[in-house]
Structures are given as C-alpha cells and as structure tokens.
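Structural description and commentary
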Amino acid sequence: MKRTLLAFIRKEFAQVLRDPRMKMMLFVMPMIQMTVFGLALSSEIKNIRLAAVHAPDDAAARRLAERFTSSGWFLPVAAEGRDPAGLVVSGAADAVLVFPAEGFARAAARGRGAVQLLVDGTSVTRARSVEAYARAVFSARAAAAAGLAPAPPPLSFDARVLYNPEMESPVFMVPGVMGMIVCLVTIILTSMSLTREREMGTFETIVSAPLENREILLGKTVPYVVLGLVNAALVIAAGFLIFGVPVRGALWQLAAAALGFVVTTVSIGTLISTISRNQQQAMMGGFIFLFPAVLMSGIMYPVENMPALLKPAVYLDPLYYFTALLRNILLKGGDPAVFARDMAALAVMAAATGTLAYKRFRQTLN
Amino acid sequence: MTFFDPRRAAAVARKEVMHILRDPFTLVLVLGLPVVLVVFFGFAIDFDVKNLRLGVYDRDNTRHSRQVASVFESSGYFLPEGASSPADAARGLDSGRYSAALLIEPGFGRDLGRGAPARVQFIVDGTDNSKAQAVLGYLPGITSAALRKTGAPAAADPVPLATRYMYNPELNSRWFVIPGLAVIIIGLLSILMTALTVAREWENGSMELLLSTPLRPAEIIAGKIAPYVLLVLGGVFFVNLVARLGFGVPFRGSHPLFLSGTLLFALACLSQGIVISVITRQQQLAMQLSMISGLLPSLLLSGFIFPVESMPPFFRYFTMILSPRWFMEAARGITIRGAGAADLALPLLALCGLCALLLAAAFRKFKTDLEP
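What you are looking at is a predicted structure, and each value in this text was computed from that prediction instead of being measured. (Residues numbered from 1 in each chain as written. Chains lettered and ligands numbered in written order. Predicted model: local features only at pLDDT ≥ 70, side-chain atom pairs only at ≥ 80, totals over all residues.)

Here we take up the overall build of chain A. Across its full length, chain A carries 15 helices and five strands. Taking 366 residues into account, the globule formula puts the C-alpha radius of gyration at 21 Å, and chain A, at 28 Å, lies well above it. Along the first, second and third principal axes, the C-alpha set of chain A runs to 95 × 45 × 40 Å. Within chain A, buried positions represent 50% of all 366 residues. Considering only intrachain contacts with a sequence separation of at least 6, the fraction spanning at least 24 residues in chain A is 79%. (Helix = DSSP H or I, 4+ residues; strand = E, 2+ residues; numbered from the N terminus. Rg over C-alpha atoms; globule rule 2.2 N^0.38 Å. Buried ≥ 20, exposed ≤ 12 C-beta atoms within 10 Å, placed from the backbone. Contact = placed C-beta atoms within 7 Å.)

Here we take up the domain arrangement of chain B. By the assigned domains, chain B splits into domain 1 (6-45 + 169-370) and domain 2 (52-150). One C-alpha centre belongs to domain 1 of chain B, the other to domain 2 of chain B; they are set 48 Å apart. (Domains from an automatic or database assignment.)

Time to look at the pairing of strand β1 (residues 48-53) of chain A. Residues and elements named next belong to chain A. Within β1, five of the six residues are buried, leaving the element largely enclosed by the surrounding structure. With four bridges connecting them, β1 and strand β2 (residues 74-77) associate as parallel partners. Within the sheet, the bridge partner assigned to Ile48 lies in β2 and is Phe74. The β-α-β motif built from β1, the intervening helix α3 (residues 59-70) and the parallel element β2 has right-handed crossover chirality. Two strands pair when backbone bridges link them, and β1 and strand β3 (residues 95-98) are joined in this way by four bridges, in the parallel orientation. What sits directly across from Leu50, in β3, is Ala95. (Pairing = 2+ DSSP bridges. Right-handed = clockwise from strand over helix to strand, strands pointing away.)

Turning to helix α2 (residues 20-40) of chain A, a few remarks are in order. The end-to-end C-alpha distance of α2(A) is 28 Å, a good match for the 30 Å that 21 residues give at a rise of 1.5 Å each. Its axis deflected by about 40 degrees at Val28(A), α2(A) carries its strongest bend there, up to four residues before the proline Pro30(A). All buried positions along α2(A) are accounted for by Met25(A), Leu26(A), Pro30(A), Met34(A), Phe37(A), Gly38(A) and Ala40(A). Next to the buried residues of α2(A) lie α7 (169-191) and α10 (213-243) of chain A together with α11 (283-300) and α12 (313-318) of chain B. (Expected span 1.5 Å × (residues − 1). Bend = angle between axes of the 7 residues up to and from the residue.)

On the side of chain B, 92 residues touch chain A, which itself brings 97 residues to the contact. Looking at the side of chain A that touches chain B element by element, the count peaks at 14 residues for helix α6 (residues 124-145) of chain A. For strand β4 (residues 115-120) of chain A and strand β5 (residues 161-166) of chain B, the ladder comprises six bridges, and the chain directions are parallel. Paired with Val115(A) across the bridge in β5(B) is Leu161(B).

Here we take up the sheet that holds β3(A). Spatially, the five strands line up as an open sheet ordered β2(A)-β1(A)-β3(A)-β4(A)-β5(B), and their pairing is mixed. Edge strands, defined here as strands with exactly one partner in the open sheet, are β2 of chain A together with β5 of chain B. Strand-to-strand, the axes of this sheet are offset by a mean angle of 25 degrees, without reference to chain direction. Strands β1, β3 and β4 of chain A together with β5 of chain B of the sheet are contacted by α6(A), whose axis makes an angle of about 155 degrees with β4(A). (Axes fitted to C-alpha atoms, helices over the stretch in contact; angles between N-to-C directions.)

Here the focus is the domain arrangement of chain A. For chain A, the assigned domains read domain 1 (3-41 + 167-365) and domain 2 (48-145). Spacing between the C-alpha centres of domain 1 of chain A and domain 2 of chain A amounts to 48 Å.

This next bit is on α11(B). For an α-helix the count is 3.6 residues per turn, leaving residues at separations of three or four pointing the same way. Over its 18 residues, α11(B) runs 25 Å from end to end, which matches the ideal 26 Å to within 8%, given 1.5 Å per residue. For α11(B), a buried count of 16 out of 18 residues is recorded, marking the element as mostly surrounded by other parts of the structure.

Core analysis: the largest hydrophobic core is formed by 200 residues, its most contacted members being Ala95(A), Val96(A), Leu97(A), Leu184(A), Ala182(B) and Leu351(B). Looking at which element gives the most residues to this core, the answer is helix α7 (residues 173-203) of chain B, with 19 residues. Beyond its immediate chain neighbours, meaning those up to four positions away, Ala95(A) contacts Ile48(A), Leu50(A), Leu117(A), Leu118(A), Val119(A), Asp120(A), Val130(A) and Ala134(A). If you look at the next biggest cluster of nonpolar residues, it comprises 34 residues, including Tyr77(B), Tyr98(B), Ala100(B) and Ala134(B). (Core = buried A, V, L, I, M, F, W, Y, C linked by C-beta atoms within 7 Å.)

Spatial strand order, β5(A)-β4(B)-β3(B)-β1(B)-β2(B): five strands in an open sheet with mixed pairing. Strands with a single pairing partner mark the edges of an open sheet, and in this sheet they are β5 (155-162) of chain A together with β2 (78-82) of chain B. Taking the axes of each pair of neighbouring strands and ignoring which way they run, one obtains an average angle of 25 degrees across the sheet. Across five bridges, the pairing between strand β1 (residues 52-58) of chain B and β2(B) is parallel. Looking at the pairing, Val56(B) lines up with Gly82(B) of β2(B). Seen against the sheet, helix α4 (residues 86-94) of chain B touches β5 of chain A together with β1, β3 (100-104) and β4 (118-125) of chain B and runs at an angle of roughly 170 degrees to β3(B). Lying over the sheet, helix α6 (residues 129-150) of chain B contacts β5 of chain A together with β1, β3 and β4 of chain B, oriented at roughly 165 degrees with respect to β5(A).

Below, the discussion takes up the packing of helix α8 (residues 193-200) of chain A against helix α11 (residues 251-275) of chain A. Residues and elements named next belong to chain A. Across the interface, α8 lies against α11 with an axial gap of 7 Å and an inter-helix angle of 30 degrees. By the angle between their axes, α8 is roughly parallel relative to α11. Touching Ser193, Leu194 and Thr195 of α8 are Thr270, Ser273 and Thr274, all from α11. Looking at side-chain class alone, the contact of α8 with α11 contains one nonpolar, five polar and no charged residues. (Parallel < 35°, antiparallel > 145°, perpendicular 65-115°, else oblique. Nonpolar A, V, L, I, M, F, W, Y, C, P; charged D, E, K, R; others polar.)

Next up on the list: the environment of Thr186(A). Residues and elements named next belong to chain A. Here Thr186 shows up in helix α7. Residues Thr186 and Ala61, spaced 125 residues apart in sequence, show a C-alpha to C-alpha distance of 57 Å. Residues contacting Thr186, with those up to four places away along its chain left out, are Tyr224, Gly228, Val262, Thr265, Val266 and Gly269.

The predicted model of chain A has a mean per-residue pLDDT of 87, with 98% of residues at 70 or higher. Confidence scores differ between elements of chain A, with β5(A) showing the lowest mean pLDDT of 80 and α11(A) the highest of 94. (pLDDT = per-residue confidence, 0-100.)

What follows is about the environment of Asp125(B). Along the chain, Asp125(B) turns up in strand β4. Once the C-alpha coordinates of Asp125(B) and Tyr98(B) are considered, the two residues, 27 residues apart in sequence, prove to be 8.0 Å apart. Beyond its immediate sequence surroundings of up to four residues, Asp125(B) is in contact with Leu162(A), Tyr163(A), Leu93(B), Ser99(B), Ala100(B) and Ala132(B).

A positive phi angle, close to 70 degrees, is found at Tyr163(A), a residue other than glycine. Summarising the element assignment, Tyr163(A) is placed in the loop between β5 and α7. With 21 C-beta atoms counted inside 10 Å, the residue Tyr163(A) sits in the buried group. One non-glycine residue, Tyr167(B), lies in positive phi territory at about 70 degrees. Summarising the element assignment, Tyr167(B) is placed in the loop between β5 and α7. When the 22 C-beta atoms within 10 Å are taken as the criterion, Tyr167(B) is described as buried.

Here you go:
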C-alpha cells in the first residue's frame, strides 16, 4: 500500500474523530440505545387492564376474576355500575369479562349461558395475546371457581421453547437491535461524506492529490468500514456483558458476518453520496434506505408472510441477512449450512454494491 | 423593537417557500414518500404467523396420532413434514428448516382412546420471541380441534368463553399498522427537514446574515416552521386519503380533533428539528442526531408495534418525552375508536407540553447566540 494512501486514510479518520460530539454519537450513543431497547422492548404482553362485570353477590365470578389477577398478566379495574362496552370505549380497560346475569355458578351447573370477553381491538397484536391469555386462565380455572370438579385434560401438549427457554426479551431483541444500530451508524457516516466535501469545495483538493481513483475510493471507505466494525464489536460486547446474550457460535463467523454487512452498508452509503447533489438529498437518500431496511429486518413483524409480490424486497435488505446471521450464530451456535447461505447472500451484496459504488464514484471524479 | 412582528416572520417564511420550490426534490419527497411507504408497508405488514414448517415425528403411528398431526395442517398455520427421528427434527430446528416440531411417542393413541391423559411433545424455535409466542398461542385452539376430531371425551369449560373484539372485529392488521406508520413517517420527515435546512444555513454562513438583520429569533423560528407545517399537512392529507380509499381503514372520530392533533405533532417534530440544528450547526451531525433521536425511538418505543404498556415502569415513563408516542395514541384513538377530546385529554395535553418545551428550547438556544 502506498504511503499517500495511508496518509489519506489517516486524514479521513482524523476528520471524523476530530469533533468530540461526533465521537460521542459514534461510541456512546450506540451503547445507550442498545441498553434502552434491550431493556424496554418485550414482545410479551403484560399489564392487561381487565374489568369483571358481574352481580354484586356472585362469589364464583369474583373468585374467577381474582384468578385472572393472580396469573400476573392482568391488572384489575373497578367496574361497579358501569356499562361493559363503555369501559373499553373510554379506554379504562383493555378487556372486560361479562358474567351471566343469573350468576356464574348457577350457569355453570346448568351448562348454559356464556361468559363474554370484550377485547379492545385497536392494537391487533395486543388483542390477540389478551384473548389467548384469557382463554388459558379461563380453561384452567373456570370449573374450580364455579365449584365443579375439574377434569384432567385428555390431551395436552408439552411445549418447550428451544434456544431461549425463558423467552427472555433481551436475548431476542438484542441481536436485532445490534444490526439496526450498526446499519444506522455506517449509513449516516458515509451517505454524506462525499457530498459534504463537494459542497465545501475540499473535493477538488482530493482529486488533485497524487492518488488513483481506486485509492481515493479506498481512502474514503476503509475508515468507515473500520469504524463500523469497531461499533459492531462494541455493541456485541455490550450485549454479551450487560444482557448475557449467549455467543454459541464461532467468533470468526461473527467477524465475517459483520465484515460482509459493514462493507455492504458502507458501499450503499457511498453510492447515495455520489448520487446526491447536496447533503439534504443525501440525508433523504439515507432515510429512504434506512426506513424500509429497519422495518423489513424481521424484528418488527414476521417478514416470511409478506405477499409474494413484495417479498423480493426482503431479499434485497442486507439487514435481514445480518439479523438472521446474528441470531443463528449467537443463539443457535452457527449452523454451517445456514451460515453459508446467508453469508453468501451478504457477500454477493457487498460485491455488487461495492462495484456499483466504484463505477458511480469514477463517473463523479471524471 | 417589537418582540414579534408577523410581517417579518412572513418574510422569512416567503424566503423558505422559495427555497423549497427551487428544489422540487423536497416537495415531491414530503408529499409522495409517505404515501409510497404507507402503501408498501400497508400490504407488507401482517402479524399473522402462517405457513410454519412443522417437523412431525410420529412413532405411535395410530389413527389418533395421525389425526392430531392432520389438525395442525387443517388449522392453516402449519405445514407438517415428516421427520425421520427426533434427532432429525432437532437438526431441522437448528438449520431453520422447521419452525416447530411435534414428537408423538408410542402409546399415545392407546391412552387417548381409553381416556387416560395423553401427552405430545411440541418444540418451538425460540430465536424469534414474537413468532414463538404466536405459535404457542395457537396450541389451545389446536387442542380443542384435536379433541373434536379424535372423538376423545373433551373436558369442556363449564360455560363457553365468547370473545368479541371491539372496533376491529376481524383484527385486520392494516387498521392497526397504517395509522401508526403514518405517524412515524410524518414525524421523522418533519424532524429531518427542519434539522437540515437550518443546519445548512449555519454551515454556509447565511444564518449569520439573518441574525444581523432586525429579525428576532421568534420570527426566524416561526418563519422557518410555517411553510413546513403546510407541507406536512399536505402529506398527512394524502396518506389519509390512501388509507381510507385504498385500504378501507375507518375514520370514526372528529376531523377537527384529528387536525389539531396533527398540527401539534407536526409543530413538536419541526421544533425538535430546529433544536437539533441549533445545537449541531452542521448538517452531518444534525442528520446523525435526528436519525438517532427520531428513527429507532419512534419505531421501537412509540407503541407502533411494541406496546408501551408492556415496558418496565422506568421505560414507560421514559417514552413520555417522545412526541410520536402520544400522537400514536391519539391518532389510533381518533381514527379507530372514535375517541373524543375528553378521552384523549392526556395525550393531547402532553403533545401541547412537548411542543411548548421544544419551541422554548429552540428559542433559548437562538437567543443566547444573539446576545452573548
């Protein structure tokens, strides 16, 4: 490697790291974000506010309602003298149990009537879990509360959850959030770098330096790849140390996945910065890439069910592969066949976006 | 010198409009991008977990065990495939070939036939919590279907539990996703727009020029924000048009209430952008800060998909400083539930408070700069 190139890379590093505020945002913010998202997010539904509407002297209904509260999923809401639907409409309760007017025990003894469950359907995911939890508590406890002998279930499933048996949220969220943060940092750094130099006129100086096109591109990207990798390492270390996210696969697999991903995002960022005419456009370009990439990463909703027509968009999302790789390596121990498949996809993307960025870059120079 | 002269603010606004019109890119983006994203993700996001590949190892191989396996298939959620051994099923889970596995031991059919408790092992891939939870949620329904199919004596509930979902009886994902998506996109674009335009003026020195004129900070801020408020309202209009006509999302509440909520939210986000630009005074940092304070927090902490109610107490309070969290609640309440001003007093007041706070912060930062 030529000395000039090394010097150029050093200059680029110095330029990025000169501003202490930038250093903060590069190294401290990702940690804070990791911690916040890792601790705050949970796909489990908790604190469901449940009101029970029954006759004041209906002891069986009250007993059953207490069972709901003691299950830990539900918080009781006072329902005295209020209209059941009104409790949901006003937002006072997420769900309302309406017991038969004749009394729960009597209805159960005669085997007639029904307990109605009103669920607020505004939040679709929450509504579904509310109903599933309510049904589970109801099936297990209703007979005993009504004073009938509970029959053992003739058929039951012993359900076991692999890889994350306690279904701890951080173990699931952290690998996903890691990818998002690394993606965000690298795209923001690179999508504006060239546009900025062009706008400020310093680009001319670089072009007139004794460097080949290839070297200028290397000098403009290598520092960001390095920074991206440092960031990835920091974030993974934080996940391991703070949240106890297991690292069951090999470290070289992690390194390879991070390298493939960072090269891809740095190339995409460089591409954006060669296309945009000013920094505002570069930022919008960054947004247009980041927003769908984050949404389709497989964290927010199950992407496997996307309509066939839109599915190819998922296969173009580098974050989708990186998230899949992280989960596979960290939680499953890095099954070689799956690793090879996702890694190959990332490598192809890195090569394709890298070439494209180089072509565009040459055009911009000439 | 007056503290605020509307004519001078209007002059700043006129200048900003000229900036926007000169670069039609911004205009097209703010009006068009939200619609494109809402249409795309309106179709794409569906929380139903379907077509799960299920590895079935049936060592019992009786009529009853085959019936149980077939119930999984007819539920529409699972695609059963035969696994040759429990180890094969485990490998399938490792490699991601299966999302779940069903292991039926010998004696299952006999037990079920004579009414003894019959058990089946069911193993779920836990690398994706939300998926695993959805899969486990299907089990009660499958159990009762399997009991009906095999004719085993069902331990029925003493009385049935009848569920009714209010406001969205079919639990249509789109009614949930689209209003939320609109909030996030509009909020982010608002932050980004003002953050960058003002940071650019600092960077190329034209802000110094503005400050040396008789313009007061309040006038500059008002003039900078006003054109973008109109632009944002235009974006919201088109998004709602698409949501209602294209996706059939209901609008059950009051339009004036929705409009005032939107105004408050747009103001809060635009002021957040101004605060960012005044702090950073550099476009790259401004983008960094807006993306960090805007993109991930609004996607993950606003209640868009992950419910705020399920967060630990500290973070439930923490989300209160995010304007999208409040407008998310208000927008969904107004469109889907038809909630009125009284029901939404808390989110609307919180939005007012955040708006005032951010505007005050922007104003103060400007002011200290003017009078060192």
